[in-house]
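What follows is each chain in one-letter form.
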Amino acid sequence: MYPLKRNRRLRTNEAIRSLVRENNITPNDFLVPLFVVEGMGVKEEIPSMPNYYRYSLDLLYMEIKALWAMGLKSVLLFVKVPDKLKDNQGTEALNAEGLMQRAIKTVKDACPEMLVMTDVALDPYSSYGHDGIVEEGIILNDETAEVLAEMAVSHAEAGANFVAPSDMMDGRIGAIREALEDEGYTDTGIMSYAAKYASAFYGPFRDALDSAPGFGDKKTYQMDYANRFEALRETEMDIDEGADIVMVKPGMPYLDIVREVKNEFDVPVAVYQVSGEYAMIKAAAEKGWLNHDQTMLESTMAFKRAGADIIASYFAKDVVKLLS
């Protein structure tokens, strides 16, 4: 007896597959990470991230124009701070004329409607390469949170729409929300890196910003990758403290966490397809071991299927070009 119900009828050709497809990707799904450096006319390819670049402010201006023309409407800014400006207090992070603050203004000058999110963490500014103030080999939590709150206000003053704390200090979302409210930035949002794991997949990113830890690792503040329920506790705490969007980082190895968070909480969920994920696909494609475009699209769709509302990805431009 042959089956009366044949699921393959809905896979017969691309027309029917497209018609019944459960998830689709559009430019509106993407948050584009951008790396910014000092100088003029600088567009430096990152060696461990082929076809991805650091931009000086003049070329950042042009890149923003190009992104908007492609339908990409949101960016996440990171800055590469000169070594001479780094210290253990994150002093440069609070400079109203610092690189991040000027980068925010550059984006808004280029395209006032572009949504600007900013990295809030001390590792790009730290002489130790850690996400917080260091004392006798210990990363201080509460003292760091106070600086992060000041840093977030500085970004809001420069025009940021959202601040994105990536440090994983306890209580920093509450401290930032309170500081923003006190200064009148009630409309400035917070996208919290709520479940950020201590991952080996961050290597190329640290090359991009020269922000690798100068000693030890980040396991005392970033999450243990063996843990699942802890991610839900971290996310719930950040939401209670005022986070508007929560993020899971990294992406592909943590799709289970994305789904858990989406099922549990009624807030927008972001996922970060991190530098190591990008670099692996690029390297395998260069070797001829994977089809670049097909793998890129499949991994992107996996984030949507898992429940992500927002995808931060270095592939954003490439995906949108394929979609168009």
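Up top is the structure.
Parameters and conventions
- Residues numbered from 1 in each chain as written.
- Predicted model: local features only at pLDDT ≥ 70, side-chain atom pairs only at ≥ 80, totals over all residues.
- Heavy atoms only, no water.
- Buried < 20%, exposed > 50% of the residue type's maximum accessible area, 1.4 Å probe, protein only.
- Helix = DSSP H or I, 4+ residues; strand = E, 2+ residues; numbered from the N terminus.
- Pairing = 2+ DSSP bridges.
- Right-handed = clockwise from strand over helix to strand, strands pointing away.
- Phe/Tyr/Trp six-rings, centres within 6.5 Å; stacked < 30°, edge-to-face > 60°.
- Axes fitted to C-alpha atoms, helices over the stretch in contact; angles between N-to-C directions.
- Left-handed = near helix turned anticlockwise from the far one by under 90°.
- Contact = heavy atoms within 4.5 Å.
- Nonpolar A, V, L, I, M, F, W, Y, C, P; charged D, E, K, R; others polar.

## Describing the pairing of strand E8 (residues 162–165)
Residue alternation in E8 divides its side chains into two sets, Phe162 and Ala164 and Val163 and Pro165, and both sets are buried. Sheet analysis places strand E5 (residues 115–120) next to E8, joined by 4 bridges and oriented parallel. If you follow Val120 over to E8, its bridge partner there is Pro165. Bridge count for E8 against strand E9 (residues 189–196) is 2 bridges, and the pairing is parallel. Bridging across to E9, Phe162 finds its partner in Gly189. Once you follow E8 into helix H5 (residues 172–182) and on to E9, the crossover reads as right-handed.

## A few points about the packing of aromatic side chains
Two aromatic rings are characterised by how far apart their centres lie and by the angle between their planes. Counted under the stated rule, the structure contains 12 aromatic pairs. Ring plane angle 80° and centroid distance 6.1 Å describe the contact between Phe35 and Tyr52, whose orientation is recorded as edge-to-face. Taken together, the residues span a long stretch of sequence, with Phe35 in strand E1 (residues 30–36) and Tyr52 in strand E3 (residues 49–55) at a distance of 17 residues. Given the relative accessible area of 0%, Phe35 is considered buried. Residue classification places Tyr52 among the buried residues on the basis of a relative accessible area of 9%. Their ring planes at 45° and their centres at 5.8 Å tell us that Phe35 and Phe78 sit as a pair that is tilted. Placement of the pair is Phe35 in strand E1 and Phe78 in strand E4 (residues 74–79), with a sequence separation of 43 residues. A relative accessible area of 1% places Phe78 in the buried class.

## Thoughts on the packing of helix H2 (residues 57–70) against helix H11 (residues 316–323)
To characterise two packed helices, one gives the angle between the axes of the helices and the distance between these axes. One way to put it is that H2 packs onto H11 with a least axis distance of 11 Å and a crossing angle of 35°. Relative to H11, H2 is oriented so that their crossing is left-handed. Only Lys317, Val320 and Lys321 of H11 make contact with H2, whose side of the interface consists of Glu63, Leu67 and Met70. A class-by-class count of the residues in the contact of H2 with H11 yields 3 nonpolar, no polar and 3 charged.

Any functional reading would require information that these geometric values do not contain.
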